[in-house]
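# Structural description and commentary
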Amino acid sequence: MSDLPAVEIRKLSKSFSGVEVLRDIDLTVNKGEVVSVLGSSGSGKSTMLRCINWLEEPDSGSVFIAGQRIGYNSDKQRPMTNREMAATRARTGMVFQSFNLWPHLTVSQNVAISPIKVKGMPKAQARDLATQLLEKVGLGDKAEVYPFTLSGGQKQRVAIARALAMSPEVMLFDEPTSALDPERVGEVLQVMRDLSGEGYTMVVVTHEMEFARMVSDQVVFLDKGLIIEKAPPEIFFTNPASERVRRFLDRQD
Amino acid sequence: MSEWSIVWEARSTILSGLWLTCWLFTASILGAFMLGCLMLYLLERGGALAWLLRGFINTMRALPFLVLAYLLYYGLSQLGLRMNAVTAGLLAMIIYHGAYFAEILRGSRLVLPPGSIEAAQAHGFMPGSIFLHIILPQLLLRTRPLIGNQLIYALKDTSFLAIITVQELTAAANAVQATYFIPMPAFVVVILLYWAITACLELAVSKAGIFGKARGFENV
């Protein structure tokens, strides 16, 4: 089974009220790969990411998570039930631009609740896991506080620990540093860099060129709902095939 | 014998009324609260049932409580469904205030940021689990003052049940004043007792504010 890609997107299309946001997207993310998704606002990159775990339902096309199709039960030839859907989503982890921590739970509970409620992990074990993951993202001392007391960078690191707690096949990052003030961006990127070093599969929608250059195995560029460039970073940043990407990169400096 | 000492002599009547009021109030708000949460969950799931529930909630809001109590006690018995006064009263309280609780929570649900729900979906929570562990706790923390207010309305609505012959506090006071013709002292005592219960409720609701405060929910 290990040769199956972590994520496979086939012929994915999506429109919002008549406007085509994604057109025939094909993308394969292999196990252990870090794929950065670049593109200007409105290019469809966040929508593509949200189609991977079906937070956005595509109009056509299919997505496979480690070989299992999401949204559609291929064996029984029908759309997935809520239960099947939840079980498939649980195999992906997602980190949002606006953190989306659960404000009524402590930091430790935020991390522990998904393994408890979704996987049925015993509470003590989930608490230990939370402690361990919070240490990993450098927030071991914040386990018992509530999210509203944290800075943006700390909240995002909790959100990463929360997603890791489900041991996902792939981590999806939706502009994880866009809502942070510049001084806080580094601490979040560092955690993400560490994860890639540990072999996590990651799809990262981002505007952080430096991260894309240094950490990713593949860089994907979306424009008007199409993937117009897909290349390793050393080629993408120095010798892109498309004129559009060259213009985009020129404006970054 | 002064009028006040007559009230004192009749204290067992008043106390048993007080007991029934407290019992009716507690049982009905527990029932109404659970009904309100259940209705919110069904509204969340949408479909024809949600549409019907919206109609039901709007009907309850348009209906005076006393009319509902009459309807359940006298109206249904005319149709052959006879309940004793306490059962009818309890049922009326639960249905009526359940609709109000649902409406309070629904209002707060409409302005709940969708992010925390998306996060739960992305982590593999089932819809029922999202409602119970993510949505409902946040709504309760957000609506504390409104729920506190509704509890006080519910307490006062129990006094309408005197009219359908439930021997609660107001009915007890009425019995005492009518027997000895001492309306002023009898009702003053009752007012003080309602006020005391209200004060306890206020205190409890404000104490509950510490849960919200600890989580950054107050003044949001």
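Our subject is the structure that appears above.
Overview of the structure. (Residues numbered from 1 in each chain as written. Chains lettered and ligands numbered in written order. Predicted model: local features only at pLDDT ≥ 70, side-chain atom pairs only at ≥ 80, totals over all residues. Heavy atoms only, no water.)

## Topic: the sheet that holds strand E10 (residues 202-205) of chain A
Residues and elements named next belong to chain A. Rules: Strand pairing is assigned whenever DSSP detects at least two bridges linking the two strands. Secondary structure follows DSSP: runs of H or I at least 4 residues long count as helices, runs of E at least 2 residues long count as strands, and numbering of each begins at the N terminus. Angles run from 0 to 180 degrees between N-to-C directions of axes, and those axes are lines fitted to C-alpha atoms, restricted for helices to the stretch in contact. We call two residues in contact when some of their heavy atoms are within 4.5 Å.
Pairing is mixed across the open sheet formed by six strands, whose spatial order is E8-E9-E10-E3-E11-E12. Edge positions in the sheet fall to strand E8 (92-95) and strand E12 (226-231), since each has one partner strand and no second. Sheet twist, expressed as the average angle between the axes of neighbouring strands with direction ignored, equals 20 degrees. Note: strand E3 (residues 34-38) against E10, four bridges, orientation parallel. When the bridges of E10 are listed, Ser36 appears paired with Val204. Packed on one face of the sheet, helix H1 (residues 45-52) meets E3, E8, strand E9 (170-174), E10 and strand E11 (218-223) and runs near 150 degrees to E9.

## Some thoughts on the packing of helix H4 (residues 123-136) of chain A against helix H5 (residues 152-164) of chain A
Residue and element names in this part refer to chain A. How we decide: Any angle between 65 and 115 degrees counts as roughly perpendicular, while under 35 counts as roughly parallel, over 145 as roughly antiparallel, and the rest as oblique. In a left-handed crossing the near helix is turned counterclockwise from the far helix by less than a right angle, and in a right-handed crossing that turn is clockwise. Gly is placed with the polar residues, together with every amino acid not listed as nonpolar (Ala, Val, Leu, Ile, Met, Phe, Trp, Tyr, Cys and Pro) or charged (Asp, Glu, Lys and Arg).
Put simply, H4 and H5 touch, their axes get as near as 9 Å, and they point 135 degrees apart. Considered as vectors, H4 and H5 are oriented oblique to each other. Read as a crossing pair, H4 and H5 show a hand that is right-handed. Taken together, the residues of H5 that come into contact with H4 (itself represented by Leu133, Leu134 and Lys136) are Val158, Ala161 and Leu164. Partitioned by chemical class, the residues of the contact of H4 with H5 number five nonpolar, no polar and one charged.

## Here's the deal with the sheet that holds strand E5 (residues 68-69) of chain A
Taken in spatial order, the four strands make up an open sheet running E2-E1-E4-E5 (chain A), and their pairing is antiparallel. The sheet terminates laterally at strand E2 (19-29) and E5 of chain A, the two strands that pair on one side only.

## As for the environment of Leu150 of chain A
All names here are of chain A. Tracing the chain through its elements places Leu150 in the loop between H4 and H5. Taking the C-alpha atoms as reference points, Leu150 and Val107, separated by 43 residues in sequence, lie 9.5 Å from one another. Dropping the residues within four chain positions of it, Leu150 is found in contact with Val107, Lys142, Val145, Lys155 and Val158.

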